[in-house]
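Overview (structure and organization)
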Amino acid sequence: ATPMSVMVGVGKAAEYGALIRQGEALQTAGQLDLVILDKTGTITEGHPTVTRVSALDQDEPRLLALAAGLEKHSEHPLAEAILARAAADGLEPAAVDQFHALNGKGVIGAYQGQTVRLGNRRWLEAEGLAVRDLDADTDRITGEAGTPLYLALGNEVIGVIGVADAIKPDSQAAIDRLHDAGIRVMMVTGDIDATAKAIATRLGIDEYRAEVLPEDKAEVVSAMRGKGYTVAMVGDGINDAPALAAADVGFAIGTGTDVAIESAGITLMRGSLHGVPDAIEVSRATVKNIH
Ligand code: ADP
Ligand code: MG
């Protein structure tokens, strides 16, 4: 495109809330045929809430206080949910020290000399902890598109907390517009398969990858480019930065982290996925104009 038509396109995109940081991104956007969406904070609000608390010994307040004691030290959106619920129930977080966050797995610390862990099943089982007697609760949580987080004290799993994140009101319409534009839509998430499947099915997403560790998201992008797709990646988190940089066009959610924004060619200032089909339409119109 001529510099003039690109300038007009950049201006038009800005009207829709899509801030173009790399001029090239606007020209490439019209050629995209695969859009990969992160789940948490991109398709969903990124502000999960606790939907269910179940302790094997029926002491739900103790379970929540322990979980809150761990999450007090974490900055993950899941931590926000657990701390808000503990506060709403009038619970004081337990005194947990030696805290560590493990990317894509969960959080670990010490409580009264015992190791305490909160995270996903795959991680706890890899640590040699058995998640028994919680299958009925797990099914209820995943059936509501929630994520089960298991709490272990010492070597015992003592309960499960269900956390769910609402889908943004306009995610469905934005995905429909991408489909209407002939674009394939894929979702990548660190979340478990059951939850990912529930969301992908509800929104008509063509393909999804679940339990993708943060460092592996960029590999998914590269693999799809290797298959011949012109790929957009849309994400909001620190974890998404390498994947955004690996895509033909990276779209960062404007309410997301600075690192994501710096790694992306386009920033969606309104936090809405509509900015993706908007940018694609503007790009197609801009490039057509000069032929
Ligand atoms: P996403 O790709 O959905 O943004 P993450 O890679 O951040 O997800 O996390 C993947 C999974 O790791 C979560 O679904 C959860 O099971 C576990 N996890 C990560 N951080 C925490 C935390 N602070 N507390 C509990 N579980 C966590
Ligand atoms: Mg995210």
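Residues numbered from 1 in each chain as written. Chains lettered and ligands numbered in written order. Predicted model: local features only at pLDDT ≥ 70, side-chain atom pairs only at ≥ 80, totals over all residues.

The name given to the protein chain in an unreviewed UniProt entry is Copper-exporting P-type ATPase, with the source organism recorded as Marinobacter qingdaonensis.

In this section: the sheet that holds strand 3 (residues 49-55). Strand-to-strand pairing in sheets goes through backbone hydrogen bonds, with the strands running parallel or antiparallel. The six strands lie next to each other as 3-8-7-6-5-4, forming an open sheet whose pairing is antiparallel. Because the sheet does not close on itself, it has two edges, and the strands there are strand 3 and strand 4 (97-102). With direction set aside, neighbouring strand axes in the sheet form an average angle of 15 degrees. Two elements, strand 3 and strand 8 (residues 156-164), share six bridges in a ladder whose sense is antiparallel. When the sheet's bridge partners are listed, Val53 is paired in strand 8 with Ile161. (Pairing = 2+ DSSP bridges. Helix = DSSP H or I, 4+ residues; strand = E, 2+ residues; numbered from the N terminus. Axes fitted to C-alpha atoms, helices over the stretch in contact; angles between N-to-C directions.)

Attention now moves to the site of ligand 1. As a structural note, the neighbourhood of ligand 1 is formed by 23 residues, with Thr40, His76, Gly106, Asn120 and Gly190 the closest of them. Of all the secondary structure elements, the ones that give two or more residues to the shell around ligand 1 are helix 3 (39-43), helix 5 (77-88), strand 5 (106-111), strand 6 (114-119) and strand 7 (147-153). Here the shell around ligand 1 is composed, by residue class, of seven nonpolar, 12 polar and four charged. Split by domain, the shell around ligand 1 shows at least three residues from each of two domains, domain 1 (3-45 + 167-289) and domain 2 (49-164). (Near = placed C-beta within 6 Å. Nonpolar A, V, L, I, M, F, W, Y, C, P; charged D, E, K, R; others polar. Domains from an automatic or database assignment.)

Bringing the domain arrangement of the protein chain into the picture now. Taken domain by domain, the protein chain consists of domain 1 (3-45 + 167-289) and domain 2 (49-164). With centres defined by C-alpha atoms, the gap from domain 1 to domain 2 works out at 31 Å. In this assembly, 12 residues from domain 1 lie in contact with nine residues from domain 2. Breaking the side of domain 1 that touches domain 2 down by element, the ones donating at least two residues are helix 3 and helix 9 (193-203). Considering every element that reaches the side of domain 1 that touches domain 2, the biggest residue donor is helix 9, with four residues. Here the residues of the side of domain 1 that touches domain 2 sort into six nonpolar, four polar and two charged. (Contact = placed C-beta atoms within 7 Å.)

Sheet architecture is open: seven strands sit in the order 1-13-12-11-2-9-10, paired in mixed fashion. Every interior strand has two partners, whereas the edge strands, strand 1 (18-20) and strand 10 (207-209), have only one. Neighbouring strand axes in the sheet, compared pairwise and without regard to direction, differ in orientation by 20 degrees on average. With three bridges joining them, strand 12 (residues 249-253) and strand 13 (residues 266-268) adopt parallel strand pairing. Its bridge partner lying in strand 13, Ala252 is registered against Thr267.

This part is about the environment of Ser283. Note on placement: Ser283 falls in helix 13 (residues 275-289). A C-alpha to C-alpha distance of 12 Å links Ser283 and Val249, two positions 34 residues apart in sequence. In this structure Ser283 touches Gly9, Leu26, Gln27, Ala29 and Gly30, once residues within four positions along its chain are discounted.

A word on helix 8 (residues 171-180). Along helix 8, the positions that sit buried rather than exposed are Ser171, Ala174, Ile175 and Leu178. Looking down the long axis of helix 8, one finds its buried residues gathered within 100 degrees of arc, a one-sided arrangement. (Buried ≥ 20, exposed ≤ 12 C-beta atoms within 10 Å, placed from the backbone. Arc of directions from axis to C-beta.)

This paragraph deals with the nonpolar core. Core analysis: the largest hydrophobic core is formed by 52 residues, its most contacted members being Val35, Ile36, Ala232 and Val276. For Ile36, the contacting residues outside a window of four places in its chain are Met186, Val188, Val220, Val221, Met224, Val231, Ala232, Met233 and Val234. Core analysis: the second largest hydrophobic core is formed by 29 residues, Leu66, Leu83, Tyr150 and Val163 among them. (Core = buried A, V, L, I, M, F, W, Y, C linked by C-beta atoms within 7 Å.)

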